[in-house]
Amino acid sequence: MKIGALFPQFEIGTDPKTIKDFAVISEELGYTHLTAFDQIIGLNKASRPGWTYVHDAEDMFHELFVLFGYLAAVTTKIDFVTGVLVLPMRGTALVAKQAAEVDLLSGGRLRLGVGVGVKPEEFEACGEEFGNRGKRMDEQIDVLRKLWCADLITYEGKYHRIEDGGINPLPVQRPIPIWIGGVSEAAIRRVAKLGDGWLPNFQADDTGRRGIEEMKARARANGRDPDAIGIEATMTIIDRTPAELKEEVEAWRAIGATHITVNTMPERWVEEEKRWNKADIGGLHDPQAHIEAIRDFRAALPHLF
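The structure presented is a predicted model; accordingly, all values stated were derived computationally and were not measured.

A. Quick look at the pattern of salt bridges. In this structure the tally under the stated criterion is 19 salt bridges. With a shortest N-O distance of 3.3 Å, K119 and E122 are connected by a salt bridge. Note on E122: relative accessible area 7%, which makes it buried. Across the salt bridge formed by K146 and D142, the nearest N and O atoms sit 2.6 Å from each other. Of the two residues, K146 and D142 both sit in helix α5 (residues 133-149), 4 residues apart, roughly one turn of that helix. Under the relative-accessibility criterion, K146 is labelled partly exposed at 37%.

B. Representation of the sheet that holds strand β1 (residues 2-6). If you trace the 8 strands once around the closed barrel, you get β1-β2-β3-β4-β7-β8-β9-β10, paired in parallel fashion. Taking each pair of neighbouring strands and ignoring which way they run, the sheet shows an average axis angle of 25 degrees. One ladder, built from 5 bridges, connects strand β9 (residues 230-236) with strand β10 (residues 259-263); its direction is parallel. Directly across from E232, in β10, lies its bridge partner H259.

C. Local environment of helix α9 (residues 287-300). Its 14 residues give α9 an end-to-end C-alpha distance of 20 Å, which sits within 8% of 20 Å, the value for a rise of 1.5 Å per residue. Against β1, α1 (16-29), β9, α8 (242-255) and β10 lie the buried residues of α9. Looking at where α9 begins, the residue whose side-chain oxygen comes 3.0 Å from the main-chain nitrogen of Q288 is D286.

D. The arrangement of the environment of K97 in detail. Tracing the backbone through its elements, the reader meets K97 in helix α3 (residues 92-106). Between the C-alpha atoms of K97 and P169, which are 72 residues apart in sequence, the distance is 8.2 Å. Separated by 2.7 Å, the side chain of K97 and the backbone oxygen of N168 make a polar contact.

E. Seen up close, the packing of helix α2 (residues 64-72) against α3. Relative orientation of the contacting elements α2 and α3 amounts to 15 degrees, with a least axis distance of 8 Å. In terms of orientation, α2 lies roughly parallel with respect to α3. Remark: the crossing between α2 and α3 carries left-handed chirality. Note on element contacts: α3 touches α2 through V95, Q98, A99, V102, L105 and S106, opposite F65, F68, G69 and A72. Classifying every residue of the contact of α2 with α3 by side-chain character gives 7 nonpolar, 3 polar and no charged.

F. Seen up close, the nonpolar core. With 69 residues, the main nonpolar core has Y31, L34, L112, W148, V262 and F297 as its most contacted residues. Those residues within four positions of V262 in sequence are excluded, and the remaining contacts are I3, G4, A5, L6, Y31, M235, I237, I294 and F297.

G. How the structure looks around the layout of surface pockets. Its boundaries defined by the atoms lining it, the second largest pocket holds a volume of some 180 Å³. Surrounding the second largest pocket, D138, A186, R189, R190, A192, K193, L194, R218 and N222 form its lining.

H. Layout of a nonpolar patch on the surface. A contiguous nonpolar patch, built from L104, L105 and V172 and spanning about 250 Å² of accessible area, is present on the exposed surface. One can find L104 in helix α3.

I. Main features of unusual backbone geometry. In this structure, V84 follows G83 across a cis peptide bond, with omega equal to 0 degrees. Topologically, V84 is positioned in strand β3 (residues 79-86). For the bond running from N168 to P169, omega is 15 degrees, close enough to zero to count as cis. Counting through the fold element by element, P169 comes out in the loop between β6 (161-165) and β7 (178-181). Despite not being glycine, D164 has its phi angle at roughly 55 degrees, a positive value. With respect to the element layout, D164 can be found in strand β6. The class for D164 is exposed, based on a relative accessible area of 53%. Of note in the backbone geometry, D239 takes a positive phi value of approximately 60 degrees without being a glycine. With respect to the helices and strands, D239 occurs in the loop between β9 and α8.

J. A look at the UniProt feature "domain: Luciferase-like" (unreviewed entry) in the protein. The positions that UniProt labels "domain: Luciferase-like" (unreviewed entry) are, in the present scheme, residues 15-266. As a span, residues 15-266 carries 40% helix and 18% strand, and end to end its C-alpha atoms are 21 Å apart.

Criteria and thresholds
Residues numbered from 1 in each chain as written. Predicted model: local features only at pLDDT ≥ 70, side-chain atom pairs only at ≥ 80, totals over all residues. Heavy atoms only, no water. Salt bridge = Lys/Arg side-chain N within 4 Å of Asp/Glu carboxyl O. Buried < 20%, exposed > 50% of the residue type's maximum accessible area, 1.4 Å probe, protein only. Helix = DSSP H or I, 4+ residues; strand = E, 2+ residues; numbered from the N terminus. Pairing = 2+ DSSP bridges. Axes fitted to C-alpha atoms, helices over the stretch in contact; angles between N-to-C directions. Expected span 1.5 Å × (residues − 1). Contact = heavy atoms within 4.5 Å. Polar contact = N/O pair within 3.5 Å; in protein donor to acceptor, adjacent residues only side chain to side chain. Parallel < 35°, antiparallel > 145°, perpendicular 65-115°, else oblique. Left-handed = near helix turned anticlockwise from the far one by under 90°. Nonpolar A, V, L, I, M, F, W, Y, C, P; charged D, E, K, R; others polar. Core = buried A, V, L, I, M, F, W, Y, C linked by side-chain atoms within 4.5 Å. 1 Å grid on protein atoms, 1.4 Å probe; cavity = no way out; pocket = protein on both sides within 12 Å on 5 of 7 lines; lining within 4 Å. Points joined across faces, edges and corners; volume = space filled by probe spheres on them. Patch = residues over 30% accessible without salt bridge, like charges linked within 9 Å, V, L, I, M, F, W, Y side chains within 5 Å. Areas by Shrake-Rupley, 256 points an atom, 1.4 Å probe, with all protein chains shown as cover. UniProt positions renumbered as here; feature names shortened; annotations may be inferred.

The following block contains the structure:
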């Protein structure tokens with residue numbers, strides 16, 4: 001099982017040295033990957049009565065491709081994971097170009113986690129249609145893989161037309177692995193049909209076990225080897241004992257997780273809402289405290305590293 005660290009977007013701040021230190025120390029501690037959340041434009045919840053989304057304009061999100069390009073230059077081994085990039089909010093050719101560049105500069109260390117997004121207002125602000133985002137993302141995944149694997153392509157789809165064109169330079173990985181986020185029926189179908197891996201936002205319980213079993217059954221029905229599809233869990237590790245952490249790691253292992261990302265930000269899974277929510281659990285507002293938290297996790301469970 002591979003253990004990664006969640007880049008603490010909301011509390012890391014804007015000092016380039018602090019950002020560098022978190023990645024470098026994560027790598028030195030033996031974390032295999034660094035996962036970061038995505039948000040292009042933040043919306044002001046104060047002007048929107050009845051706001052139900054988790055993140056808003058107050059939350060800081062560093063731009064993922066620029067962030068990983070920077071971190072690629074100061075690290076040598078740790079992988080970079082978009083967890084998840086809202087793909088249909090972006091132009092496909094540009095994503096192909098940006099991802100290829102990060103993969104090239106990092107020596108093949110990018111894993112592209114993608115999702116369909118949930119906020120219509122963000123799509124509107126980015127000039128993209130919300131209603132067809134799932135179908136567009138399916139085609140985007142196909143286009144991305146073709147652009148990453150050939151100098152020139154010709155493509156005629158419902159949402160894309162490319163006539164004898166391509167990106168240059170190509171990435172190291174051909175294609176870059178694409179992992180799918182989400183737990184809806186559509187997301188499970190998409191993972192089983194198209195994904196190199198899955199970034200589900202459920203827990204290591206009966207719901208999670210049933211979801212993984214369903215995904216694997218669908219993968220077999222699609223003629224795919226379900227064991228070749230990675231599964232990544234997210235664990236909040238602050239305010240928890242080593243025994244509690246070990247128990248959750250083993251629960252994830254038992255239901256088939258291949259990767260775990262440890263989260264030091266103040267968020268908890270809310271089962272009733274089937275999503276992560278901000279929580280009052282003693283957030284680590286000092287960036288150095290996030291480093292100490294991942295250091296403590298490694299010390300508490302050294303057998304994972």
